[in-house]
Each structure stands twice: as C-alpha cells, then as structure tokens.
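Given next are the chains, with one letter for each unit.
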Amino acid sequence: MARILILLAVVLGVFWWLRSRAEARRHSAPRRSAEAPRAPAATHPEAMVQCAHCGVHLPQSEAIAWRGLHYCRRSHLPDDSGAHS
Ligand SMILES: [Zn+2]
C-alpha cells in the first residue's frame, strides 16, 4: 500500500513539474509577434462614436458623454450657459 502512495506522489510530482515547466515556457516565449501580427484594434473591437461637434470618430471609451451625445474633447462640449439656441 505504501508503494502505491509513493508511486502516486511521484506521478503527481512529475505531472506538476511538467505543467509548471510548460507554463513558464509559454510566458517566456517571445512568439506572440509571430502568432498575432495584427494590430490590437483587430482583437479589441470597440464601439466607435462620433463627436457631435466636429464629427470625428473615436472609441467610446475615449469619448466624453454629455446629454446623450459624445464629444472628442472637453472644448467641443456645447456651451452650458444657454446663451446660444
Ligand atoms: Zn470634436
């Protein structure tokens, strides 16, 4: 019975060692450029919005949302004083 436990421990140890080795190799291998030569934009599809002031398109995460509209920069926000229109 003790021999079975030792054998099991050895098998588990080898298995764990192989796994950690494969993981370390995956982390250290500089093969990402060969596997994914595309731009990050292709792998990260993001909703594009249009600036309500100048009409430029930009990712929604970079846009400033204001009253249901999007703007590319703070200076393109409509004048909040209400003097116009
Ligand atoms: Zn703009």
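An account of the accompanying structure is given in this report. Because the structure is predicted, anything quoted here is derived from the model rather than measured. (Residues numbered from 1 in each chain as written. Predicted model: local features only at pLDDT ≥ 70, side-chain atom pairs only at ≥ 80, totals over all residues.)

Secondary structure summary: the protein contains 3 helices and 4 strands in total. The order of helices and strands in the protein, counted from the N terminus, is α-α-α-β-β-β-β. Taking all 85 residues of the protein together, 5% fall into the buried category. Considering only contacts in the protein between residues 6 or more positions apart, those separated by 24 or more positions represent 3%. (Helix = DSSP H or I, 4+ residues; strand = E, 2+ residues; numbered from the N terminus. Buried ≥ 20, exposed ≤ 12 C-beta atoms within 10 Å, placed from the backbone. Contact = placed C-beta atoms within 7 Å.)

Moving on, we come to helix α1 (residues 2-28). For α1, spanning 27 residues, the distance from its first C-alpha to its last is 39 Å, which sits close to the expected 39 Å at 1.5 Å a residue. By the criterion of burial, α1 is predominantly exposed, with just 0 of the 27 residues buried. (Expected span 1.5 Å × (residues − 1).)

A few words on unusual backbone geometry. Phi angles above zero are rare outside glycine, and R67 is one such case at about 55 degrees. Along the chain, R67 falls in the loop between β3 (64-66) and β4 (69-71). On the basis of neighbour count, R67 is assigned to the exposed category, with 9 C-beta atoms found within 10 Å.

Further remarks concern the environment of Y71. Along the chain, Y71 turns up in strand β4. Look at Y71 and you get buried, because 22 C-beta atoms sit within 10 Å. Between the C-alpha atoms of Y71 and C54, which are 17 residues apart in sequence, the distance is 8.3 Å. Residues within four places of Y71 in sequence aside, it is in contact with C51, A52, H53, A63, I64, W66, H76 and L77.

That is the geometry; function is a separate question.
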